[in-house]
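# Structural overview for review
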Amino acid sequence: MPVTIFNGIYSWDGKRHGKREPVAWFPGSYYLQIFNLAENGPGVTFLKPYLCIYSETGKGHSISANPEKFAKQVCIDFALELERVLWVEKIQREHGRHEIIVFTRSNRLGENLFYKLSKRPPTDAESVLIDRLREDPGC
């Protein structure tokens, strides 16, 4: 069974802290669940060993249209690799609907990586995994 790394509200204040830019220049918060899918799967190598499910809280700025900075900050805070995470947005206004967010590396400037974003419906296997984790009372 996957191990829960985080299950709570992830928020930002819209201000720069040192060299770290905010997720957005306006405060906001999202419900966030992070799972390690590979923790209890010895002998299996996962291409994307982490699953992040996020959704709007309705408080503050929405990052739905451009979640790249959000995803990068989550990766920094939880020591994840952006390209090794299955990103899922739960669409709050449409009960039970999820979108898979795919980040494809598009450019590099110094140490900064830039990504092209695409969204797609989950595959059947992804839907089963998402539903199973969302039903788990510990998640």
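Quantities reported herein were computed from a predicted structural model and do not represent experimental measurements.

Moving on, we get to the nonpolar core. Core analysis: the biggest nonpolar cluster contains 22 residues, and Trp12, Leu32, Cys52, Tyr54, Phe70, Val74 and Trp87 have the highest contact counts within it. The element that contributes the greatest number of residues to this core is helix α1 (residues 68-78), accounting for four residues. Sequence-distant contacts of Val74, that is, excluding residues within four places in its chain, are made with Tyr10, Leu32, Ile34, Cys52, Leu80 and Trp87. Phe35, Leu37, Leu51 and Leu86 belong to the second-largest nonpolar core, a separate cluster that totals ten residues.

Now for the environment of Cys52. Here Cys52 is to be found in strand β3 (residues 50-60). We classify Cys52 as buried; its relative accessible area is 0%.

This part covers unusual backbone geometry. Phi at Ala79 takes a positive value of approximately 55 degrees, unusual for a residue other than glycine. Relative to the elements of secondary structure, Ala79 occurs in the loop between α1 and β4 (85-91). Residue Ala79 is classed as exposed on the basis of its relative accessible area of 69%.

This part takes up the sheet that holds β3. One open sheet holds the six strands; their spatial order is β1-β2-β3-β4-β5-β6, and the pairing between them is mixed. Each end of this open sheet is capped by a strand with a single partner; those strands are β1 (3-12) and β6 (112-120). Each strand of the sheet is rotated relative to its neighbour by a mean of 30 degrees, with strand direction disregarded. Pairing of β1 with strand β2 (residues 28-36), which is carried by nine bridges, proceeds in the antiparallel orientation. From the neighbouring strand, Val3 faces β2, where its bridge partner is Asn36. Contacts from α1 reach β1, β2, β3, β4, β5 (97-109) and β6 within the one sheet, and its direction differs from that of β1 by about 125 degrees.

About the cut-offs
Residues numbered from 1 in each chain as written. Predicted model: local features only at pLDDT ≥ 70, side-chain atom pairs only at ≥ 80, totals over all residues. Heavy atoms only, no water. Core = buried A, V, L, I, M, F, W, Y, C linked by side-chain atoms within 4.5 Å. Buried < 20%, exposed > 50% of the residue type's maximum accessible area, 1.4 Å probe, protein only. Helix = DSSP H or I, 4+ residues; strand = E, 2+ residues; numbered from the N terminus. Contact = heavy atoms within 4.5 Å. Pairing = 2+ DSSP bridges. Axes fitted to C-alpha atoms, helices over the stretch in contact; angles between N-to-C directions.

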